[in-house]
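# Structure assessment
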Amino acid sequence: MPKMTFVLPDGKEQVVDAPVGVSVLEIAHKNHVSLEGACEGSLACSTCHVIVDKSFYDKLKPATEDEEDMLDLAFGLSHTSRLGCQIIMSDALDGLKVVLPAATRNMMVDKK
């Protein structure tokens, strides 16, 4: 089974099993990794924003326009930012490493 690594906001790394066909968001939840996913993976928020290790970024399917729109709302956006709900594990992604940002921006809660 493929593995992946979550780099937590405190810098600690958590290596987990990453079943093929399952999203990074679902993998995080199954392994008690604090990745919010307020919209439960329906591509309606940016709370599952992760920063993908550069060595894996080009192996991902390109982001859709809808994902790009949601990423514009993400905290700490980078050139390799993606939404965890849109990254589906495959054998080609074995060893995937993603960094969790220090904060998230939930537009439903953070209205100011």
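Everything in this summary refers to the structure shown in the same document. None of the values given here were measured: they were computed from a predicted structure. (Residues numbered from 1 in each chain as written. Predicted model: local features only at pLDDT ≥ 70, side-chain atom pairs only at ≥ 80, totals over all residues. Heavy atoms only, no water.)

## Section: the pattern of salt bridges
For the coordinates displayed, the defined rule picks out three salt bridges. Taking the shortest distance from any N to any O, the salt bridge between Lys3 and Asp17 comes out at 2.4 Å. Of the two residues, Lys3 is situated in strand 1 (residues 3-7) and Asp17 in strand 2 (residues 13-17); the sequence distance between them amounts to 14 residues. Accessibility expressed as a relative area gives 38% for Asp17, which makes it partly exposed. One salt bridge connects Lys97 with Glu13, and the closest N-O pair in it is separated by 3.0 Å. With Lys97 in strand 5 (residues 96-99) and Glu13 in strand 2, this pair connects stretches of sequence that are 84 residues apart. (Salt bridge = Lys/Arg side-chain N within 4 Å of Asp/Glu carboxyl O. Helix = DSSP H or I, 4+ residues; strand = E, 2+ residues; numbered from the N terminus. Buried < 20%, exposed > 50% of the residue type's maximum accessible area, 1.4 Å probe, protein only.)

## Examining the nonpolar core
Counting 27 residues, the largest nonpolar core has Met4, Phe6, Ile27, Val52, Ile87 and Leu96 as its most contacted members. Counting only elements with at least two residues in this core, the list comes to strand 1, helix 1 (24-30), strand 3 (49-52), helix 3 (65-71) and strand 5. In terms of residue count, the dominant contributor to this core is helix 1 (four residues). Once residues within four sequence positions are removed from consideration, Leu96 is found in contact with Lys3, Met4, Thr5, Val24, Val52, Phe56, Ile87 and Met89. (Core = buried A, V, L, I, M, F, W, Y, C linked by side-chain atoms within 4.5 Å. Contact = heavy atoms within 4.5 Å.)

## Some words on the pairing of strand 3
Examined bridge by bridge, strand 3 and strand 4 (residues 81-83) share three bridges and lie antiparallel to one another. Residue pairing across strands places Ile51 opposite Ser81, the latter belonging to strand 4. Pairing analysis gives two bridges linking strand 3 to strand 5, with the strands arranged antiparallel. Across the sheet, the residue bridging to Ile51 is Val99, located in strand 5. (Pairing = 2+ DSSP bridges.)

## Regarding the side chain of Thr47
Along the polypeptide, Thr47 turns up in the loop between helix 1 and strand 3. Reaching out from Thr47, the side chain makes a polar contact with the backbone nitrogen of Gly37 at a distance of 3.1 Å. Within the structure, the side chain of Thr47 is placed 2.7 Å from the backbone nitrogen of Ala38, a separation counted as a polar contact. (Polar contact = N/O pair within 3.5 Å; in protein donor to acceptor, adjacent residues only side chain to side chain.)

Purely geometric stuff here, so don't read any function into it on its own.
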